[in-house]
Each structure stands twice: as structure tokens, then as C-alpha cells.
Amino acid sequence: MNIGEAANLSGVSAKMIRYYEEVALIRPPARNQNGYRAYDESNIHELKFIRRARDLGFTVEQISGLMHLWRDRSRASADVKRLALEHVAALEAKQREIAEMANSLKHLAANCHGDGRPDCPIIESLADGGGPASPTHLGKGFGKLR
């Protein structure tokens with residue numbers, strides 16, 4: 001099948017398929033006599049694996065490791081589990097960071113008058129650039145609102 005058909009069957013865009021081939025994440029497909037890529041079921045299976053891993057937030061580098069483990073029939077499942085749990089920890093850390101950002105913005109917005117005046121603690125905090133915009137690390141423009 002051609003790259004368009006492979007994209008439709010796998011749910012991975014043709015552009016990303018070419019990229020995954022370029023970075024050696026997938027094995028290069030066979031080529032027809034005219035030089036076009038000719039994908040088979042094993043290529044589609046690899047692409048579906050990659051798509052699912054991407055849907056779970058794994059990076060290309062992490063997926064490369066997972067693909068290596070997937071292809072290695074003598075792998076230890078403990079290695080796969082370790083990678084998965086490391087990724088869970090990273091996702092949970094990112095989730096905490098996002099919650100902290102949201103709380104910071106809520107705090108800033110709660111202290112903004114939201115009227116016609118130009119004074120705005122949100123802008124002042126962003127302009128200060130002195131560190132994270134959290135209630136405990138706000139810039140000089142926010143100090144008077146604590």
C-alpha cells in the first residue's frame with residue numbers, strides 16, 4: 001500500500017510517517033520499481049504502536065526504547081514496566097506544575113480589578129520576570145496585594 005493508505009489505516013499522517021522513517025523509529029518500507037514506498041501490515045502495526053504511545057504522551061526517544069523492547073522477544077517485562085512508571089511520574093509532575101500555574105493565574109486574576117484602570121497585577125507580574133508567577137513567588141508589582 002502507498003503512504004496515503006498507510007496513513008489512513010494507522011492514524012498517523014504521511015508527514016509523520018516520513019519523519020519516523022527519517023529518525024529510524026520505523027523500519028524503512030520496501031520500495032516499488034518507481035521508487036515509491038510500499039507499506040505492508042508489519043509497517044502498519046509499527047505505526048499503530050507508535051500512535052498509541054504518542055497518545056499516551058511518550059516522546060519519540062521513549063518510543064524508540066519501547067520499540068526496541070517490543071521487538072526484543074527476550075526482553076524482561078520489568079524493563080517495560082520501569083519505563084511506563086517513569087513516564088507516569090513525569091506526567092504526574094507535569095500535572096502538578098500545570099495545577100500550580102493555574103492556581104497562580106487564578107490568584108493573580110482574583111487580585112486584578114478588571115476595570116478601566118491600567119494597573120494590573122497580572123501584567124506587572126509578567127513584566128517583572130523575577131521568577132515563577134505563583135502566589136509565593138510573585139514579582140514586585142504583586143507584593144502590595146499580599
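Everything below is about the structure shown above.
Presented here is a report on the structure given in the accompanying data block.

Parameters at a glance
- Residues numbered from 1 in each chain as written.
- Predicted model: local features only at pLDDT ≥ 70, side-chain atom pairs only at ≥ 80, totals over all residues.
- Heavy atoms only, no water.
- Helix = DSSP H or I, 4+ residues; strand = E, 2+ residues; numbered from the N terminus.
- Buried < 20%, exposed > 50% of the residue type's maximum accessible area, 1.4 Å probe, protein only.
- Polar contact = N/O pair within 3.5 Å; in protein donor to acceptor, adjacent residues only side chain to side chain.
- Contact = heavy atoms within 4.5 Å.
- Core = buried A, V, L, I, M, F, W, Y, C linked by side-chain atoms within 4.5 Å.
- Phe/Tyr/Trp six-rings, centres within 6.5 Å; stacked < 30°, edge-to-face > 60°.
- Disulfide = S-S within 2.5 Å.
- Salt bridge = Lys/Arg side-chain N within 4 Å of Asp/Glu carboxyl O.
- Arc of directions from axis to C-beta.

**Overview of the side chain of Asn 43**
For Asn 43, the position within the fold is in helix α3 (residues 41-55). Judged by its relative accessible area of 6%, Asn 43 is buried. In terms of polar contacts, Asn 43 uses its side chain to reach the backbone amide nitrogen of Asp 40, at 3.0 Å. Those residues within four positions of Asn 43 in sequence are excluded, and the remaining contacts are Arg 27, Pro 29 and Ala 38.

**A word on the nonpolar core**
Grouped together as the largest cluster of nonpolar side chains are 19 residues, with contacts concentrated most on Ile 17, Tyr 20, Leu 25, Ile 50 and Ile 63. Elements with a minimum of two residues in this core: α1 (3-10), α2 (14-22), α3 and α4 (60-71). A total of 5 residues in this core trace back to one element, the largest contributor, which is α4. For Leu 25, the residues in contact, after removing those within four places along its chain, are Tyr 20, Ile 50, Val 60, Ile 63, Ser 64, Met 67 and Arg 71.

**What about the packing of aromatic side chains?**
Per the stated rule, a full pass over the model turns up 2 aromatic pairs. Both rings, one in Tyr 19 and one in Tyr 20, keep their centres 5.8 Å apart while their planes meet at 55°; by these two values the pair is tilted. Among the residues examined, Tyr 19 registers a relative accessible area of 33% and is labelled partly exposed. On the basis of relative accessibility, which here comes to 4%, the residue Tyr 20 falls in the buried class. Note on Phe 49 and Trp 70: the rings are 4.4 Å apart at their centroids and 10° apart in plane angle, and the pair reads as stacked. With Phe 49 in helix α3 and Trp 70 in helix α4, this residue pair connects regions lying 21 residues apart in the sequence.

**Regarding the state of the cysteines**
Simply put, the disulfide is a covalent bond whose two ends are the sulfur atoms of two cysteines. Considering all chains together, one arrives at 0 disulfides under this definition. Left without a disulfide partner, Cys 112 is nearest to the cysteine sulfur of Cys 120, which lies 3.6 Å away.

**Observations regarding the pattern of salt bridges**
Taken as a whole and assessed by the stated rule, the structure comprises 6 salt bridges. With a shortest N-O distance of 2.8 Å, Arg 27 and Glu 46 are connected by a salt bridge. Linking Arg 27 in the loop between α2 and β1 (30-31) with Glu 46 in helix α3, this pair joins segments that are 19 residues apart in sequence. When its relative accessible area of 1% is taken as the criterion, Glu 46 is described as buried.

**Topic: unusual backbone geometry**
One non-glycine residue, Ala 24, lies in the positive phi region at around 60°. Along the chain, Ala 24 turns up in the loop between α2 and β1.

**Quick word on α1**
In an α-helix, one turn spans 3.6 residues, which is why side chains three or four residues apart end up on the same side. Ile 3, Ala 6, Ala 7 and Ser 10 are the residues of α1 that are buried. When α1 is viewed along its axis, its buried side chains cluster within an angular range of 100° and face the same direction. The N-cap residue of α1 is Asn 2: its side-chain oxygen and the backbone nitrogen of Gly 4 are 3.0 Å apart.

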